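Reading the structure
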Amino acid sequence: MHDIWKFGVLLLCACGGDASIFQVVDDSFGIGDNAVHLKVLENTKTQEYASVVWDFGGRVEELFLRTQNGNLRKVLDDRGRNATALRETLRWKGEQLVPYANRIANATYAFNGTRYYLPMNEPARNNSIHGLLWNRTLDVVNVQANDEFASVVLRTGRSQQSETRTTAVAMAMAMAMA
């Protein structure tokens, strides 16, 4: 059986009646095969933005929001647009921890009498940790931007097996401004 994981990133703004203008732009950092590709959801009125790495698990790599005094501030502890650090340092910053957020001992579990085996991605501790999306390239299936919001919908690629199951996971980042 193959799972197709779908999730979206939604950037919203409530601006006291003023229409906000949102956009989604492509960006990247790094060189050649080490390059990291982003979809950047931006409020062009406030310059607030979120950068989503679609080719490495859909992680939110950057999130910049305005403070109450109007300064643009980095909210997430990112990797400073260093592609090597992003690909080689497994510190789970901004990751989509799907379908599980913790460790599965021995990378195996039983459910309804059936034993399931997961990838062992923490071999030093004999665990499967933090889900199955963290190192997958996701397909961009929908991009929207208008005066009210910007969104990007990502999905894992299809399996060679015929049976599919769809699971939805949503992540929303909301900005409210005085």
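Notes on the structure follow. (Residues numbered from 1 in each chain as written. Predicted model: local features only at pLDDT ≥ 70, side-chain atom pairs only at ≥ 80, totals over all residues. Heavy atoms only, no water.)

Considering all chains together, one arrives at seven salt bridges under this definition. For the salt bridge of Arg-79 with Glu-61, the shortest nitrogen-to-oxygen distance reads 2.7 Å. Separated by 18 residues along the polypeptide, Arg-79 in the loop between strand S6 (72–74) and helix H1 (83–88) and Glu-61 in strand S5 (residues 59–66) bring together distant segments of the chain. By relative accessible area, Arg-79 is classed as buried at 9%. A salt bridge links Arg-103 to Glu-122; its shortest N-O distance comes to 2.9 Å. Of this pair, Arg-103 sits in strand S7 (residues 103–105) while Glu-122 is found in the loop between strand S9 (114–117) and strand S10 (127–129), placing the two residues 19 residues apart along the sequence. The exposure class of Arg-103 is partly exposed, given its relative accessible area of 37%. Since its relative accessible area comes to 15%, Glu-122 is described here as buried. In this structure, a network of salt bridges that share partners links the residues Asp-27, Glu-62 and Arg-81. (Salt bridge = Lys/Arg side-chain N within 4 Å of Asp/Glu carboxyl O. Helix = DSSP H or I, 4+ residues; strand = E, 2+ residues; numbered from the N terminus. Buried < 20%, exposed > 50% of the residue type's maximum accessible area, 1.4 Å probe, protein only.)

A few words on unusual backbone geometry. Unusually for a residue other than glycine, Gln-47 sits at a positive phi of about 65 degrees. Tracing the sequence through the fold places Gln-47 in the loop between strand S3 (36–43) and strand S4 (49–53). With a relative accessible area of 35%, Gln-47 lands in the partly exposed category. Phi is positive for Arg-81, which is not a glycine, with a value near 60 degrees. Here Arg-81 is to be found in the loop between S6 and H1. Since its relative accessible area comes to 32%, Arg-81 is described here as partly exposed.

So, on to the side chain of Lys-39. Note that Lys-39 resides in strand S3. In contact with Lys-39, other than residues within four places in its own chain, are Val-24, Val-25, Asp-26, Ala-50, Ser-51, Val-52, Trp-54, Val-140, Val-143 and Val-152. (Contact = heavy atoms within 4.5 Å.)

Attention shifts here to a nonpolar patch on the surface. Taken together, the side chains of Tyr-109, Phe-111 and Tyr-116 present a nonpolar region at the surface, about 310 Å² in accessible area. With respect to the element layout, Tyr-116 can be found in strand S9. Given a relative accessible area of 35%, Tyr-116 falls into the partly exposed group. (Patch = residues over 30% accessible without salt bridge, like charges linked within 9 Å, V, L, I, M, F, W, Y side chains within 5 Å. Areas by Shrake-Rupley, 256 points an atom, 1.4 Å probe, with all protein chains shown as cover.)

Two measures describe an aromatic ring pair: the distance that separates the ring centres and the angle between the ring planes. Counted according to the given criterion, the structure contains two aromatic pairs. Between Tyr-49 and Phe-64, the ring centres sit 4.9 Å apart and the planes meet at 15 degrees, which makes this aromatic pair stacked. Of this pair, Tyr-49 sits in strand S4 while Phe-64 sits in strand S5, and the two are 15 residues apart along the sequence. In this structure, Tyr-49 and Phe-64 share a single accessibility class: buried. Where Tyr-109 meets Tyr-116, the ring centres are 5.2 Å apart and the plane angle is 20 degrees; that geometry is what we call stacked. (Phe/Tyr/Trp six-rings, centres within 6.5 Å; stacked < 30°, edge-to-face > 60°.)

A word on the environment of Glu-62. Inspection of the secondary structure puts Glu-62 in strand S5. Overall, Glu-62 belongs to the buried group, its relative accessible area being 6%. Placed 24 residues apart in sequence, Glu-62 and Leu-38 show a C-alpha to C-alpha distance of 9.9 Å. Contacts of Glu-62, omitting those with residues within four sequence positions, involve Leu-38, Tyr-49, Ala-50, Ser-51, Leu-76, Asp-78 and Arg-81.

Everything listed is a geometric property; what it means functionally is a separate question.
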